[in-house]
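Listed here are the chains, written in short residue letters.
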Amino acid sequence: MAEPPIWQRLLALLAYLLPWSEGVPFGRSLYGMFPALQWLSLPVIPVVMLQQLVPFGGFLLFLLLFLAVVRNPKVPYFIRFNVLQAILLDIVLVLLTLAFNVLLTPLGASFAIRTLSNTVYLGTLVLVLFAAVQCLRGKEADIPTVSEAVRMQLY
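The following paragraphs examine the structure supplied in this document. (Residues numbered from 1 in each chain as written. Predicted model: local features only at pLDDT ≥ 70, side-chain atom pairs only at ≥ 80, totals over all residues. Heavy atoms only, no water.)

1. So, the packing of helix 6 (residues 77-104) against helix 7 (residues 111-137)
We count it as follows: Fitting a line to C-alpha atoms yields each axis, with helices limited to the stretch in contact; the angle taken between N-to-C directions then spans 0 to 180 degrees. Strands are runs of DSSP state E lasting at least 2 residues, helices are runs of H or I lasting at least 4, and numbering of each runs from the N terminus. Oblique is the label for any angle not under 35 degrees, not over 145, and not in the 65 to 115 range, which are roughly parallel, roughly antiparallel and roughly perpendicular in turn. Only heavy atoms enter the contact rule, under which two residues are in contact if any of them lie within 4.5 Å.
Where helix 6 contacts helix 7, the axes come no closer than 12 Å and their chain directions differ by 175°. On the basis of the axis angle, helix 6 is roughly antiparallel to helix 7. Touching Phe 78, Asn 82, Leu 89, Leu 93, Leu 96, Phe 100 and Leu 104 of helix 6 are Ile 113, Leu 116, Ser 117, Val 120, Thr 124, Leu 127 and Cys 135, all from helix 7.

Encoded structure:
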């Protein structure tokens, strides 16, 4: 199989801004201890602005990516694979955000909750960095369970 051209790699890489935009808020307590980590949130500013300024911006972005990219057979497979994988990661992070807001926020900012939040942040960071490196290499980022679900949807 031929490696995808650089433009496909860069477009596939952009898809991972979506889950990263959902993962950045989990790192609030880490930003106080390690201010340099705040620089990692700069690339997601346009996505966050779109989600906040446009009514239902996150949902519209999801629909646009899913219908115009993932379900479009004219779009190269490499881009479709990475966009769908980013969407699935984003859905998991949205569900985690809801769980934190509904179940854990009323408990206050205890050490355990901050630790759990930091774990989600660092896990998201590792997944996004892994996927970004794999995109730039022209390879599929093989994330267990998620990549299997993506392949089932695309074939």
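2. Things to note about the layout of surface pockets
Here is the rule: Cavities and pockets were defined on a 1 Å grid built from protein atoms only: a cavity is a group of points that admits a 1.4 Å probe but offers it no way out, a pocket is an open group of points flanked by protein on both sides within 12 Å along at least five of seven lines, and a lining residue is one with an atom within 4 Å of any such point. Grid points are joined across faces, edges and corners, and a volume is the space filled by probe spheres set on the points. Residues are grouped as follows: Ala, Val, Leu, Ile, Met, Phe, Trp, Tyr, Cys and Pro are nonpolar; Asp, Glu, Lys and Arg are charged; all remaining types, including Gly, are polar.
Looking at the largest pocket, its volume works out to about 500 Å³. What lines the largest pocket is a set of 20 residues, among which Pro 25, Phe 26, Arg 28, Thr 97 and Asn 101 lie closest to the centre. Among the secondary structure elements, those contributing two or more residues to the lining of the largest pocket are helix 2 (17-23), helix 3 (28-33), helix 4 (45-53), helix 6 and helix 7. A per-element tally of the lining of the largest pocket places helix 6 first, with five residues. A class-by-class count of the residues in the lining of the largest pocket yields eight nonpolar, nine polar and three charged.

3. Re the pattern of salt bridges
Operational definition: The rule for a salt bridge is simple: a side-chain nitrogen of Lys or Arg has to be within 4 Å of a carboxyl oxygen of Asp or Glu. Relative accessibility thresholds used throughout: buried, under 20% of the residue-type maximum; exposed, over 50%; partly exposed, between the two (1.4 Å probe, protein chains only).
Under the defined criterion, the tally for this structure stands at four salt bridges. The residue Arg 9 makes a salt bridge to Glu 3 at a minimum N-O spacing of 2.7 Å. Its relative accessible area of 49% is what places Glu 3 among the partly exposed residues. Here Glu 3 and Lys 139 are joined by a salt bridge, their closest N and O atoms 3.8 Å apart. Taken as a pair, Glu 3 in the segment before helix 1 (6-14) and Lys 139 in the loop between helix 7 and helix 8 (146-154) lie far apart in primary sequence, 136 residues in all. Judged by its relative accessible area of 34%, Lys 139 is partly exposed. A network of salt bridges, in which partner residues are shared, links Glu 3, Arg 9 and Lys 139.

4. Remarks on the packing of aromatic side chains
Note the cut-off: Two aromatic rings from Phe, Tyr or Trp, using only the six-membered ring of Trp, form a pair when their centres are within 6.5 Å; if the ring planes differ by under 30 degrees the pair is stacked, by over 60 it is edge-to-face, and anything between is tilted.
Under the defined criterion, the tally for this structure stands at six aromatic pairs. Measuring from centroid to centroid gives 5.7 Å for Tyr 31 and Tyr 121, while their planes differ by 85°, and the two rings are edge-to-face. With a gap of 90 residues between them, Tyr 31 in helix 3 and Tyr 121 in helix 7 connect regions that are remote in the sequence. There is no split in this pair, since Tyr 31 and Tyr 121 are both buried. Here the aromatic residues Trp 20, Tyr 31 and Tyr 121 are joined through ring pairs into a cluster of three or more.

5. Some thoughts on the environment of Phe 62
Inspection of the secondary structure puts Phe 62 in helix 5 (residues 57-70). C-alpha of Phe 62 to C-alpha of Ile 91: the two residues are 29 residues apart in sequence and 9.6 Å apart in space. For Phe 62, the contacting residues outside a window of four places in its chain are Ile 87 and Ile 91.

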